[in-house]
Amino acid sequence: YWYLPVLFFLFLVTPIVDFLISMKKIGAFFLVIMILAPLFVSRVQMAFDYILPIESFIYFLGAYALGIGLGADLNRYLDWIKSQLKWFIAIAVITTGILFYLFIEKINMVGFVSLQETFFFLQKMAIAGVVLVWMRDRLNTPPKWLDRFAQDSFGIYFIHGYLVFG
């Protein structure tokens, strides 16, 4: 249950992240630092260890801050992603290839940075951008199965560890 303190932390920092978004220039600077931090501060795998290092908070704060930042002006950012869609697809494909190579060659840590986690983060962000644009542009109303999945997503998050590691 390592993720409960992480979720609590994210809920606590939400007003701070929201405030930074409202500060425009200086806030954008700090928001970019938070979003880029997971490229250099690797998430520590905790599936079998009951520790909670600070790196995990920093890692998840990056994706969380990105989501809050995008949500502040979603259509404008999705329009920008759409204008760069070829790059997002290229990043998704290239990072998938790099991850495949890293896993086959058992390459991971470079100093204190996990290359696998860095490329996973880039891959997930690129795929998320493509999927968000696709869903906005192709779906007038969400399919029933997707709506149900969204309603249950918080609960699914709580059991995904059992599905992945069980």
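Residues numbered from 1 in each chain as written. Predicted model: local features only at pLDDT ≥ 70, side-chain atom pairs only at ≥ 80, totals over all residues. Heavy atoms only, no water.

**Examining the overall build of the protein**
The number of helices and strands found in the protein is 8 helices and 2 strands. Across the protein, contacts joining residues at least 24 apart in sequence account for 67% of those joining residues at least 6 apart. Split by element, the accessible area of the protein, about 11300 Å² in all, is 73% carbon and sulfur. (Helix = DSSP H or I, 4+ residues; strand = E, 2+ residues; numbered from the N terminus. Contact = heavy atoms within 4.5 Å. Areas by Shrake-Rupley, 256 points an atom, 1.4 Å probe, with all protein chains shown as cover.)

**Concerning the confidence of the model for the protein**
Atomic detail in the predicted coordinates should be set aside for any region of low pLDDT. Residues at a pLDDT of 70 or more form 89% of the protein, whose mean pLDDT is 86. Averaged pLDDT values for the elements of the protein fall to 70 in helix H8 (residues 153-165) and rise to 98 in helix H5 (residues 85-104). (pLDDT = per-residue confidence, 0-100.)

**Some remarks on the environment of Ala126**
Residue placement: Ala126 occurs in helix H6 (residues 115-138). A relative accessible area of 3% means that Ala126 is categorised as buried. Separated by 36 residues in sequence, Ala126 and Ala90 place their C-alpha atoms 8.6 Å apart. (Buried < 20%, exposed > 50% of the residue type's maximum accessible area, 1.4 Å probe, protein only.)

**A few points about a nonpolar patch on the surface**
A cluster of nonpolar residues, Phe19, Met23, Ile26, Phe29, Phe30 and Ile33, forms a patch on the protein surface that exposes about 570 Å² of accessible area. For the nonpolar patch, the element with the highest residue contribution is helix H2 (residues 25-36), accounting for 4 residues. Residue position: Phe19 is located in helix H1 (residues 3-22). (Patch = residues over 30% accessible without salt bridge, like charges linked within 9 Å, V, L, I, M, F, W, Y side chains within 5 Å. Salt bridge = Lys/Arg side-chain N within 4 Å of Asp/Glu carboxyl O.)

**As for the nonpolar core**
Counting 13 residues, the largest nonpolar core has Val17, Ile21, Leu31, Met34, Leu61 and Ala65 as the members making the most contacts within it. At the level of secondary structure, the elements contributing two or more residues to this core comprise H1, H2 and helix H3 (54-72). The dominant element in this core, judged by the number of residues it contributes, is H1, at 6 residues. Setting aside residues no more than four positions away along its own chain, Leu31 makes contact with Val17, Ile21, Ala65 and Gly69. Counting 6 residues, the second-largest nonpolar core is a separate cluster that includes Leu78, Phe88, Ala126 and Val133. (Core = buried A, V, L, I, M, F, W, Y, C linked by side-chain atoms within 4.5 Å.)

**As for the environment of Ala37**
The topology assignment puts Ala37 in the loop between H2 and H3. Remark: the alpha-carbon pair of Ala37 and Ile58, spanning 21 residues in sequence, is separated by 6.9 Å.

**Structural notes on H1**
Compared with an ideal rise of 1.5 Å per residue, which puts 20 residues at 28 Å, H1 spans 28 Å between its outermost C-alpha atoms and is within 8% of the ideal. Along H1, the helix axis deviates most sharply at Val13, where the bend reaches about 40°; the proline Pro15 sits within four residues downstream. Within the sequence span of H1, burial applies to Tyr3, Val6, Leu7, Leu10, Val13, Val17, Leu20 and Ile21. Looking at the residues trailing H1, positive phi occurs at Lys24, about 55°. (Expected span 1.5 Å × (residues − 1). Bend = angle between axes of the 7 residues up to and from the residue.)

**Description of H2**
With 12 residues, H2 extends 17 Å between its outermost C-alpha atoms, agreeing within 8% with the 16 Å of an ideal straight helix rising 1.5 Å per residue. Burial in H2 covers these residues: Gly27, Leu31, Met34 and Ile35. Taken around the axis of H2, the buried residues stretch over an arc of 95°, which confines them to a single face. Looking at the buried residues of H2, the elements they touch are H1, H3 and H6. (Arc of directions from axis to C-beta.)

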